[in-house]
Amino acid sequence: MRAFSTAVILVVTFCTQVSAETHAETNRYQFDRTISRPVLENYLARAISVEGVFNGRGDLDDNIRMLKELGVKYAGRSLCLWGAEHDFLANLERAKREVPKAIAACPDIVLEACVFETDSPRIERIAIPDWVFSAFSLPIEQRNFIYTNIIYPPGQRRPMGNAQVPDVSKLETQLWFFYQAASYIDLGFEGIHFGQVEIMNGNDRENAQWEKLLTLVRAYAAKHARRHMVLCNGHTPSGGLTRDDRLLLDFHAFPLRIKENPDKPLDAKLAVGFSDGIYNRSKGGVTFSGWKCEHLPYLVELDNWGVSKTPGQAKAGGIWVWGYDEISWFAHQSKEYRADWLQYAWDWVRTTDPNGYLQMPGSRTVSSPDIHWYFANNPSTAVPNGFGDEKAIRKVWGGAR
């Protein structure tokens, strides 16, 4: 009888410990309507860029497998519609089918969609839904978006590829951006990356219009998002979008700004003060969630923007890394170098500025003559061109602080 009782006690004790551990893990990623700084940082500490997972990039099932096995909590750029006006509704329908699969596999995960700093005349094929007008307390009209009412006026226009940079001070821009963000929230996305926010506020220097737009997006999320909140971020070379003492974004984001080492072939490091890197410069203030900080937490990522005329060669100038953008440079390294460099970059960022977190590379556009996409996935029949960096990412996170 005593042996039986002892066994029961051991089983109960074990189950209690497991339950407590499970509860503690859940609390690390629990938020609703607002998010505390510790919980936000828990998400940023498990962030990965998986560009286009829900718009046809890579094998969906294997991507979800990777997210789950790595323990990803923030999936950046997972719906990444550059030039969203191209097949916008069709892309929403595909994401509507695919997003629930990821959430079912990873219930705590925050999936991020993007509202980018580009627009083309194709926008005029898209009708403005009644509910978008209503959100802005405007009379309902039966019309499509008007391209020239979104971009900067003559004399201020800024090309972005074959398109133009939007002017956030314009009402039409806000209608279009709100339509995108609200549509993504409806699909289950709880993060929105607003791209290069500081090149869209040329006529909004006090950020009043950014504040208006983000307030409307957050109000929509409070009613429709899974956890009644959307985490807003954008690239902030000045250190952040602020208005008075208020931080307009929930966290900041920026490229790593990698500095090449011309004395060692293809080698590169990180350095405070190189180019416009955000290290030690993230602005502080009062967040939407109500807490104050001297420096808002931020993510740094291996960014993509193209390839120079001299790929693989040093001293191309500017922010080129051996003639490549950041992710393209990374993709040209050996597997061993990539593993070592991810550990180095994680440690360097966390030591240099504890407010910063390295967003791991998971899936990203590569611009080079010989490589066109980077997948961190382990190679398989589903992803034959996977780079096999899952082990390296897991190792970094396993020893993360």
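For clarity, every value in this text was computed on a predicted model and none was experimentally measured.

K.L.:
Describe the overall build of the protein chain, listing the residues and the values that go with them.
P.N.:
Summing up its helical and strand segments, the protein chain has ten helices and 18 strands in all. Its C-alpha atoms give the protein chain a radius of gyration of 22 Å, near enough to 21 Å, the size a compact globule of 401 residues would have. Projected onto its principal axes, the C-alpha positions of the protein chain cover 85 × 55 × 45 Å. Looking at the protein chain as a whole, 54% of its 401 residues are labelled buried. When contacts within the protein chain are restricted to residue pairs at least 6 apart in sequence, long-range pairs at least 24 apart make up 69% of them. Of the roughly 17200 Å² of accessible surface on the protein chain, 53% is carried by carbon and sulfur atoms. Within the protein chain, one finds 45 positive and 47 negative side-chain charges whose respective centroids are separated by 2 Å.

K.L.:
How would you sum up the sheet that holds strand E2 (residues 74–79)? Please name residues and give values.
P.N.:
Ordered by their spatial adjacency, seven strands build an open sheet running E7-E6-E3-E2-E1-E17-E18, and the pairing between neighbours is mixed. The open sheet is flanked by strand E7 (231–233) and strand E18 (373–375), the only strands paired with a single partner. Geometrically, the sheet is characterised by an average inter-axis angle of 25° between neighbouring strands, direction not taken into account. Here strand E3 (residues 110–114) runs beside strand E6 (residues 191–193); their pairing, made up of three bridges, is parallel. Paired with Cys114 across the bridge in E6 is His193.

K.L.:
Describe in detail the packing of aromatic side chains, supporting the description with residues and values.
P.N.:
For the structure on display, the rule yields 30 aromatic pairs. Taken together, the ring pairs connect Phe54, Phe88, Trp131, Phe136, Phe145, Trp176, Phe178, Tyr179, Tyr184, Phe189 and Tyr220 into an aromatic cluster. We note Lys269 situated over the ring of Tyr344; from NZ or CZ to the ring centre the distance is 4.6 Å. When the ring centre of Tyr357 is taken as reference, the NZ or CZ atom of Arg350 above it lies at 4.0 Å.

K.L.:
Describe the pattern of salt bridges, and please don't skip the residues or the numbers.
P.N.:
A full pass over the atoms with the stated rule returns 20 salt bridges. A salt bridge links Asp87 to Arg122, with the nearest nitrogen and oxygen atoms 3.9 Å apart. In this pair, Asp87 sits in the loop between E2 and helix H4 (88–105) while Arg122 sits in the loop between E3 and helix H5 (130–135), placing the two residues 35 residues apart along the sequence. Here Arg218 ties to Asp250 by a salt bridge, and the two come within 2.9 Å at their closest N and O atoms. Within this pair, whereas Arg218 is found in helix H7 (residues 208–224), its partner Asp250 is found in the loop between strand E9 (246–247) and strand E10 (252–255), the two being separated by 32 residues in sequence. The same class applies to Arg218 as to Asp250, namely buried. A network of salt bridges, in which partner residues are shared, links Glu51, Arg77, Glu301, Asp303 and Arg364.

K.L.:
A description of the sheet that holds strand E15 (residues 298–301) should follow, citing residues and the corresponding values.
P.N.:
Pairing between the strands of a sheet comes from backbone hydrogen bonds, and it takes one of two forms, parallel or antiparallel. Reading across from one edge, E10-E15-E16 is the order of the three strands in this open sheet, with parallel pairing throughout. Either end of the sheet is taken by a strand with one partner, and the two such strands are E10 and strand E16 (356–358). Across the sheet, the axes of successive neighbouring strands diverge by a mean angle of 25°, strand direction being ignored. Taken together, the three bridges between E15 and E16 define a ladder with parallel strand orientation.

K.L.:
Explain the packing of helix H3 (residues 60–70) against helix H10 (residues 390–398) to me, and be specific about the residues and the numbers.
P.N.:
The geometry of H3 relative to H10 is characterised by a closest axis approach of 10 Å and an angle of 25° between their N-to-C directions. As judged from the angle between their axes, H3 and H10 are roughly parallel. As for how H3 packs across H10, the hand of that crossing is right-handed. The residues of H10 that touch H3, namely those facing Arg65, Met66, Glu69 and Leu70, are Glu390, Ile393, Arg394 and Trp397. Here the residues of the contact of H3 with H10 sort into four nonpolar, no polar and four charged.

Calculation rules
- Residues numbered from 1 in each chain as written.
- Predicted model: local features only at pLDDT ≥ 70, side-chain atom pairs only at ≥ 80, totals over all residues.
- Heavy atoms only, no water.
- Helix = DSSP H or I, 4+ residues; strand = E, 2+ residues; numbered from the N terminus.
- Rg over C-alpha atoms; globule rule 2.2 N^0.38 Å.
- Buried < 20%, exposed > 50% of the residue type's maximum accessible area, 1.4 Å probe, protein only.
- Contact = heavy atoms within 4.5 Å.
- Areas by Shrake-Rupley, 256 points an atom, 1.4 Å probe, with all protein chains shown as cover.
- Lys, Arg positive; Asp, Glu negative; His and termini not counted.
- Charge placed at Lys NZ, Arg CZ, Asp CG, Glu CD.
- Pairing = 2+ DSSP bridges.
- Axes fitted to C-alpha atoms, helices over the stretch in contact; angles between N-to-C directions.
- Phe/Tyr/Trp six-rings, centres within 6.5 Å; stacked < 30°, edge-to-face > 60°.
- Lys NZ or Arg CZ within 6 Å of the ring centre and 35° of its normal.
- Salt bridge = Lys/Arg side-chain N within 4 Å of Asp/Glu carboxyl O.
- Parallel < 35°, antiparallel > 145°, perpendicular 65-115°, else oblique.
- Left-handed = near helix turned anticlockwise from the far one by under 90°.
- Nonpolar A, V, L, I, M, F, W, Y, C, P; charged D, E, K, R; others polar.

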